[in-house]
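Here's the letter readout for the chains.
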Amino acid sequence: MKVVRTVLDFRGLRDLLAPTTSIGFVSTMGGLHEGHVSLIRRSAVENRFTIVSIFVNPAQFAPGEDLSAYPRTEASDLSKCNAAGADVVFAPVGDEVYPSNFGTYVTTAVGNPACNPCSEGASRPTFFRGVATVLIKLFSLVRPHRTYFGQKDAQQCAVVRQLVRDLWLDMCLIVCPTVREADGLAMSSRNAYLTPMERQLAPVLFHALTAAQKECKEGVHNAEQLRLGVRTFLEREMENVKNVTFELIYVSICDCDTMKELEGDLKDPSRALICTTAMLGKTRLLDNVVLIPVHK
Ligand code: AMP
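If you're wondering where the values come from, they're calculated on a predicted model, not measured in any experiment. (Residues numbered from 1 in each chain as written. Predicted model: local features only at pLDDT ≥ 70, side-chain atom pairs only at ≥ 80, totals over all residues. Heavy atoms only, no water.)

*Asks:* Hey, could you go over the pairing of strand 3 (residues 49-54) for me, with residue numbers and the actual values?
*Replies:* Consecutive residues of a regular strand have side chains that alternate between opposite faces of the sheet. In terms of burial, strand 3 is a largely internal element, six of the six residues being buried. In strand 3, alternate side chains face the same way, and those of Phe49, Ile51 and Ser53 on one face and Thr50, Val52 and Ile54 on the other are all buried. Here six bridges tie strand 2 (residues 23-28) to strand 3, and the two strands are oriented parallel to one another. When the sheet's bridge partners are listed, isoleucine 23 is paired in strand 3 with phenylalanine 49. As for the winding sense of the linkage, the β-α-β connection from strand 2 through helix 2 (residues 34-46) to strand 3 is right-handed. Bridge count between strand 3 and strand 4 (residues 88-90): three bridges; the pairing is parallel. (Buried < 20%, exposed > 50% of the residue type's maximum accessible area, 1.4 Å probe, protein only. Helix = DSSP H or I, 4+ residues; strand = E, 2+ residues; numbered from the N terminus. Pairing = 2+ DSSP bridges. Right-handed = clockwise from strand over helix to strand, strands pointing away.)

Have a look at this one:
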C-alpha cells in the first residue's frame with residue numbers, strides 16, 4: 001500500500017493506473033473504525049484498485065466546533081487501510097488541499113437549510129458546503145469509477161448523489177449499510193469522545209429510531225406522530241439521567257433521495273428516512289434508519 005502526501009505525487013500515480021481499470025474510492029477524515037473498514041473492504045472486492053483519503057477537512061467545521069480535537073490516529077488508520085485491502089492512501093499535509101489562494105466553494109440544494117429545516121445543513125449552515133467542496137476536489141483528483149459512502153451519513157449521501165447527477169461526474173455512488181456496535185450505537189469517530197457514562201447512554205438514539213420503525217410497522221404512518229414519538233421516547237429515557245447533558249437537535253422524517261422533510265401521512269414509508277441528531281455531553285451523535293426497511 002502506498003501513502004501519498006501531495007497532489008503532484010498523487011497525479012503521477014493516478015496516471016500510471018490504466019484508464020480502463022476499475023478504481024474504488026473511500027473518503028474519510030481518519031479515526032478509522034469498522035464502519036470505514038466495511039467500505040474499504042467492499043471497494044477492494046469490487047474494484048481492481050482501492051484508494052482511500054484521510055483528511056480532516058477544516059471547511060466543514062464551523063468556529064467553535066471540534067476541528068482541533070477531532071481524532072487523529074494516522075498510524076493505526078494506515079494499518080487498518082492496509083488490512084482492509086486499500087492500495088493507495090491519499091493523506092495530504094499542510095495546505096495541499098486549501099492553499100492560500102483557494103477560492104471556490106460548492107453548494108448543493110440538498111444540503112441547504114431551505115430543503116430541510118431540520119437537518120445537518122440547517123443546524124450547521126456551512127457544513128455541507130465544506131463537504132461538497134472537498135469531495136469535488138477529491139473526486140476530480142482521484143477520478144474513481146465507484147465511490148463508497150456510509151448510510152450512517154444519509155444526508156451526505158444525498159449531497160453526493162446530487163453532485164454526481166448535476167455535475168455529470170462519471171462515477172457510481174455506492175451506499176453501504178451502517179455498521180453498529182453490539183448495543184446498536186452507530187460507529188463513529190466521535191464516539192471516542194464519550195465518557196463511560198455517556199457511552200452507556202448513547203444507543204438511546206438507535207432505540208428511539210427502532211421504536212419509530214415498530215410504530216410504523218404497527219400502522220402509524222403519520223410523519224408528525226412519528227416525529228413526536230421519537231422526541232417523547234428520548235425525553236422519557238433521558239429525563240432521570242443525572243450528570244450527563246442531553247440536547248436533542250432535530251428529528252427529521254424525510255425522503256431518502258431528496259432529503260425533503262415529509263409531512264402528514266406518508267405515501268411510501270419504505271422511501272422515508274427517520275434521522276435524529278443530539279448532543280450527548282459535548283459529543284454530537286447522529287443516526288438514521290429507513291422507516292420500513294426493504295430487505296433485498
Ligand atoms: P468520516 O470519516 O466520518 O468522514 O466518514 C467517512 C465515510 O465512512 C463516510 O462515507 C461515512 O458515512 C462512513 N461511515 C462512518 N461511520 C460509518 C458507519 N458506522 N457505518 C458505515 N459507514 C460509516
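*Asks:* How would you summarise the side chain of threonine 276 if you had to cite specific residues and measurements?
*Replies:* Tracing the backbone through its elements, the reader meets threonine 276 in strand 8 (residues 272-280). For threonine 276, a relative accessible area of 0% puts it in the buried group. Within the structure, threonine 276 has its side chain in polar contact with the backbone oxygen of tyrosine 250 (distance 2.9 Å). Those residues within four positions of threonine 276 in sequence are excluded, and the remaining contacts are Leu205, Leu209, Leu234, Leu248, Tyr250, Val251, Leu285, Leu286 and Asp287. (Polar contact = N/O pair within 3.5 Å; in protein donor to acceptor, adjacent residues only side chain to side chain. Contact = heavy atoms within 4.5 Å.)

*Asks:* Break down the packing of aromatic side chains for me, citing the residues and quoting the values.
*Replies:* Centre-to-centre distance and the angle between the planes together describe a pair of aromatic rings. For the coordinates displayed, the defined rule picks out eight aromatic pairs. A ring pair is formed by phenylalanine 139 and phenylalanine 149, whose centres lie 6.4 Å apart and whose planes are at 80 degrees; its orientation type is edge-to-face. Of this pair, phenylalanine 139 sits in helix 5 (residues 127-142) while phenylalanine 149 is found in strand 5 (residues 146-150), placing the two residues 10 residues apart along the sequence. Under the relative-accessibility criterion, phenylalanine 139 is labelled buried at 3%. (Phe/Tyr/Trp six-rings, centres within 6.5 Å; stacked < 30°, edge-to-face > 60°.)

*Asks:* Help me get a handle on the site of the ligand, residues and values and all.
*Replies:* Close to the ligand lie 17 residues, the nearest being Met29, His36, Asp153, Val179 and Met187. Contact between the ligand and histidine 36: an oxygen atom at 2.9 Å from a side-chain N or O atom of the residue. Within the backbone of methionine 187, one N or O atom sits 2.8 Å away from a nitrogen atom of the ligand. Protein contacts shield 93% of the accessible area of the ligand, which totals 490 Å² for the unbound molecule. Contributions of two or more residues to the shell around the ligand are made by strand 2, helix 2 and strand 5. No other element matches helix 2, which puts three residues into the shell around the ligand. The residue makeup of the shell around the ligand, split by class, is seven nonpolar, eight polar and two charged. (Near = heavy atom within 4 Å. Areas by Shrake-Rupley, 256 points an atom, 1.4 Å probe, with all protein chains shown as cover. Nonpolar A, V, L, I, M, F, W, Y, C, P; charged D, E, K, R; others polar.)

*Asks:* Describe the packing of helix 2 against helix 3 (residues 74-84), with residues and values.
*Replies:* Taken N-terminus to C-terminus, the directions of helix 2 and helix 3 make an angle of 35 degrees; their axes are 9 Å apart at the nearest point. Our pair here, helix 2 against helix 3, has a crossing hand that is right-handed. Facing helix 2, whose interface residues are Val37, Ile40, Arg41 and Ala44, helix 3 presents Lys80, Cys81 and Ala84. Its residues assigned to classes, the contact of helix 2 with helix 3 shows five nonpolar, no polar and two charged. (Axes fitted to C-alpha atoms, helices over the stretch in contact; angles between N-to-C directions. Left-handed = near helix turned anticlockwise from the far one by under 90°.)

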